[in-house]
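Given next are the chains, with one letter for each unit.
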Amino acid sequence: MAVQDNLSQIDSVATQKAVEEKLRQYRTYMLTVPEEKMPSLTAHYTLEMPNYSNVKKSVVEDAAIENVDADVKREKFFNWIAMGMRRLTKMERKLIAFKYLQMEPMYNYDICSVLNISESSFYRIRNQALYKLALSLRIEKYIDSEERQ
């Protein structure tokens, strides 16, 4: 009964927006390579003061560390989304991939045509898939206690 109460308190609109935001972030990660994070190849002539800790600070090293950290973060994010996608049915996965995860997302009517479903089925399956993703990724949004009263 407690689980049913929690599910009824989920804000469906805010939850859908949260999932769509993460899916947009996924596509952005796929499309972007942060050029500003690349190390500078030009020589910088600077005066280096003696360092007794044997630790040298380098712009190139800092950029390399930042790139590795960003790659690790991106990889974790991709794995997190993939974990959520595995919980969906085959039809839900296809619909989400066509709508949100491709380099050039398809229009709703194109997806309906490819999947051979009606527009109402498209929206029903999409909403169900976004809801499942939110629950499996633990990003569902709940109605505030003030709104419940």
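Located above this text is the structure these notes cover.
Residues numbered from 1 in each chain as written. Predicted model: local features only at pLDDT ≥ 70, side-chain atom pairs only at ≥ 80, totals over all residues. Heavy atoms only, no water.

Caption draft 1: Structural detail: the nonpolar core. Core analysis: the biggest nonpolar cluster contains 26 residues, and Leu 23, Leu 95, Ile 96 and Leu 133 have the highest contact counts within it. The leading source of residues in this core is helix 6 (residues 119-137), at seven residues. Sequence-distant contacts of Leu 95, defined by excluding residues within four places in its chain, comprise Ile 111, Leu 115, Ile 117, Phe 122, Ile 125 and Arg 126. (Core = buried A, V, L, I, M, F, W, Y, C linked by side-chain atoms within 4.5 Å. Buried < 20%, exposed > 50% of the residue type's maximum accessible area, 1.4 Å probe, protein only. Helix = DSSP H or I, 4+ residues; strand = E, 2+ residues; numbered from the N terminus. Contact = heavy atoms within 4.5 Å.)

Caption draft 2: Structural detail: the pattern of salt bridges. Throughout the structure, instances matching the rule amount to three salt bridges. Taking the shortest distance from any N to any O, the salt bridge between Glu 21 and Arg 24 comes out at 3.2 Å. Residue Glu 21 and its partner Arg 24 are located together in helix 2 (residues 12-31), separated by three residues, close to a single helical turn. (Salt bridge = Lys/Arg side-chain N within 4 Å of Asp/Glu carboxyl O.)

Caption draft 3: Local environment of the packing of aromatic side chains. Within this structure, the stated rule accounts for six aromatic pairs. Summarising the aromatic geometry, the rings of Tyr 29 and Phe 78 are spaced 6.3 Å apart at their centres and angled 90° between planes, so their arrangement reads as edge-to-face. Note that Tyr 29 is positioned in helix 2 and Phe 78 in helix 3 (residues 59-86), a separation of 49 residues in sequence. Note on Tyr 29: relative accessible area 17%, which makes it buried. A ring pair is formed by Phe 77 and Trp 80, whose centres lie 5.7 Å apart and whose planes are at 50°; its orientation type is tilted. Taken together, the residues Phe 77 and Trp 80, both in helix 3 and three residues apart, mark about one turn of the helix. What links up through ring pairs into an aromatic cluster is the set Tyr 26, Tyr 29, Phe 77, Phe 78 and Trp 80. Above the ring of Tyr 29, the side-chain terminus of Arg 74 is found at 5.8 Å from the ring centroid. (Phe/Tyr/Trp six-rings, centres within 6.5 Å; stacked < 30°, edge-to-face > 60°. Lys NZ or Arg CZ within 6 Å of the ring centre and 35° of its normal.)

Caption draft 4: Local environment of helix 5 (residues 108-115). Buried within helix 5 are the following residues: Asn 108, Ile 111, Cys 112 and Leu 115. Each buried residue of helix 5 sits inside an arc of 100° when the element is viewed along its axis, so together they form one side. Those residues of helix 5 that are exposed and aimed more than 90 degrees away from the buried face are Tyr 109, Ser 113 and Val 114. Following helix 5 by one or two positions, Asn 116 adopts a phi angle in the positive range, close to 60°. (Arc of directions from axis to C-beta.)

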